[in-house]
Amino acid sequence: MDSQITNWDLTELFSSADDTRINQTIKQSIKLANEFESSYRGKIIGLSAEGLLECLQSIETFEAKLSDVTLYSNLAFSADMTNSKTQALHDKVEKLSANISKQLAFYSLELGKLIKSKPELIQNPVLKNYRHMLERVKLRVEHQLSEVEEQLIIEKDQFGVNAWEELQSKWLNTRMFEVTVLGQKKMLTYGEANGLLPHPDRATRESANRAIYGALGKDGEIFSAALRNICNDWVTVSKRRKYVSPMASSLISNDTQQNIIDNLLQTIEKSSTYRRYLKLKAQLMKMPMLGNHDIVAPLPDTPEKKYTLQQARDLIIQAYSRFSPDYAAAVKEMFDKRHIDAEPRFGKRNGAFCASYYNGKSAYILQSFNGTLSDVFTLAHELGHATHDWYMSRHQTVINTNVPSIVAETASIFGELLLTDHMLKEIDSEKERKALLCLVLDEAGMTTFQVTARVWFEQALYESIESGEFLDYQKICSHWVNARNKIYGDVVEWLPEMEAEWTMKPHYFMANYRFYNYPYVYAQMFVYSLYQRYLQEGKAFAPKLIELLSAGSSKSSIELGESIGLDVTKMDFWKDGMQVFERFVGDLEKII
Ligand SMILES: [Zn+2]
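Computed from a predicted structure; not experimentally measured.

Before going further, it helps to spend a moment on the coordination of the zinc ion. Protein coordination at the zinc ion: the donors are H381 (NE2), H385 (NE2), E409 (OE) and E409 (OE), at 2.1 to 2.8 Å from the metal. The site at the zinc ion holds four donor atoms, and with the angles between them running 50 to 138°, its shape is irregular. Mapping the donors of the zinc ion onto the primary sequence gives the spacing H-x3-H-x23-E. In this pair, H385 sits in helix α16 (residues 373–395) while E409 sits in the loop between α17 (405–408) and α18 (410–426), placing the two residues 24 residues apart along the sequence. Owing to a relative accessible area of 15%, H385 belongs among the buried residues under this scheme. E409 gets classed as partly exposed once you look at its relative accessible area, which sits at 24%.

Right under this line is the structure:
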């Protein structure tokens, strides 16, 4: 690999946006969709096990064919969003996909009906490969209403409960905020003001927090009216769909169970590790106590070490190889085949992602790599996703690569942990070790602990509704402050404006998107627990992790744990995960 920053090579997919093979592939995909429709529309309900097997294999053939075009159009567009050719292709493929998914919408409806009427098909040996997917269809179909009712809900939601989300984002995007930036008053948009929250200057951070949350709080009655109606709407629809609780639908989508999530949240509640870390961070920042605006602030006088892409590559390969020599195979291949676009440049999509390339048994990564430590970790994370894709595409058919979010982060977070431990062994400067540990603990603290407060907050809203309480602004704020304080206790001092913190989270205002939080907590703690097991078992653990990744979505999250000797239904599973967090805090204590 060239040690210069690279852009990616997409020619394995298509030579350019003008490649005539793109149109050929589109034509072939349309032909496959038409054939599927004429063979199966109205007929799925009557299929035998053998017939259903053929039907599922046909849909997979179609999906695999179309995926090359959707992948290429997304990648080419993300790499250069200002290019009219890639824009036009992206637009064309988006419309094509939307049309085909409307055309084939009958498939999942009819499959649901078939499984509802013949649940014994799930255990039929002929359909062994699809058993878990069919189990999930069965759980979902139990709560479906009639076709007319489902259509009515979609139509009414469009201009009803969905409108609250528009109101919240319009509010944020049309206001200006007065923030004192390094002593100078400035009028800023929400995006600009929000970008100052992790500013190195404390007074600037405080001013940005006060400006944003003070203004949001002034209109608190508007936000509470929105949230109250969204939650009440959800409770009503959940009851009509016969879910046992407002959380039940999300548990089915995430392929998990209430008792597992209860154990997970209890483990977090009982742990004081994050508070221990926040006290250490206050010490490092030379303050008696952190303010809320210091929680993820950068440490003062930290050396900003820069890494080249080549150095990042070497570090990640060393870290992954330490786990098992084979485990770095996907990472090496991603660099060798130039499947990574790391160059920061104008017109490129922000952020980082890893997109699966099923037919190529590989993936593509996009990132703007500026050489910070955080960039190295983002790359290790995305290369973990590529590793997951590498194993999964070699062992599973298309349907079984649809991994729910609680498991989808397994290889990515595991990769970050491998890199952390590798770097902790290699680094000899104390300042760098402190910076590394704080980076990891800030990140994990937010994902595991802060996000848990949001789950409790959401649970409290529904408990209020169930007990007939009216959710006015003060009531909602008190739920947020209680949930937040369960995590932060008395180790962080909060600005009074922060009672309105819940008002800026767009997800709370998205209709039908309830309880989106806990999968992040689950994903993090699931991997921490696997990692703790790896530290105990050493090399013997590597084939187990590889087996888990290779299984894709062919097994439930409980079965995935069982397959490698772990029981996610037990409290101890989550306690083991917490030990990883505790060790990092302990490491920081030793060098402070
Ligand atoms: Zn990820």
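In this section: the sheet that holds strand β4 (residues 340–341). Strands sit in the order β4-β6-β5 across an open sheet of three strands; the sheet is mixed. Two strands close off the open sheet at either side, each with one partner strand: β4 and β5 (353–357). In the sheet, β5 pairs with strand β6 (residues 362–366) via five bridges, with the strands oriented antiparallel. Residue pairing in the sheet places A355 in a bridge with Y364 of β6. The strands that helix α2 (residues 49–79) touches are β4, β5 and β6; relative to β5, the one it contacts most, it runs at about 155°.

In this section: the environment of K281. Inspection of the secondary structure puts K281 in helix α13 (residues 273–284). A sequence separation of 29 residues divides K281 from Q310, and the C-alpha atoms of the two residues are 32 Å apart. Beyond its immediate stretch of four places on either side in the chain, K281 contacts L290, D294, I295, V296, A297, L299 and D442. Among the polar contacts listed, one links the side chain of K281 to the side chain of D442, at a separation of 3.0 Å.

This paragraph deals with the side chain of H381. Take H381: it is sitting in helix α16. Residue classification places H381 among the buried residues on the basis of a relative accessible area of 16%. A polar contact of 2.5 Å, which involves the side chain of H381, links it to the side chain of E416. Once residues within four sequence positions are removed from consideration, H381 is found in contact with E409, S412, I413 and E416.

Calculation criteria
Residues numbered from 1 in each chain as written. Predicted model: local features only at pLDDT ≥ 70, side-chain atom pairs only at ≥ 80, totals over all residues. Heavy atoms only, no water. Donors = N, O, S within 2.8 Å, 3.2 Å for Na, K, Ca; no water. Tetrahedral: all angles 85-135°; square planar, octahedral: opposite > 155°, others 65-115°. Helix = DSSP H or I, 4+ residues; strand = E, 2+ residues; numbered from the N terminus. Buried < 20%, exposed > 50% of the residue type's maximum accessible area, 1.4 Å probe, protein only. Pairing = 2+ DSSP bridges. Contact = heavy atoms within 4.5 Å. Axes fitted to C-alpha atoms, helices over the stretch in contact; angles between N-to-C directions. Polar contact = N/O pair within 3.5 Å; in protein donor to acceptor, adjacent residues only side chain to side chain.

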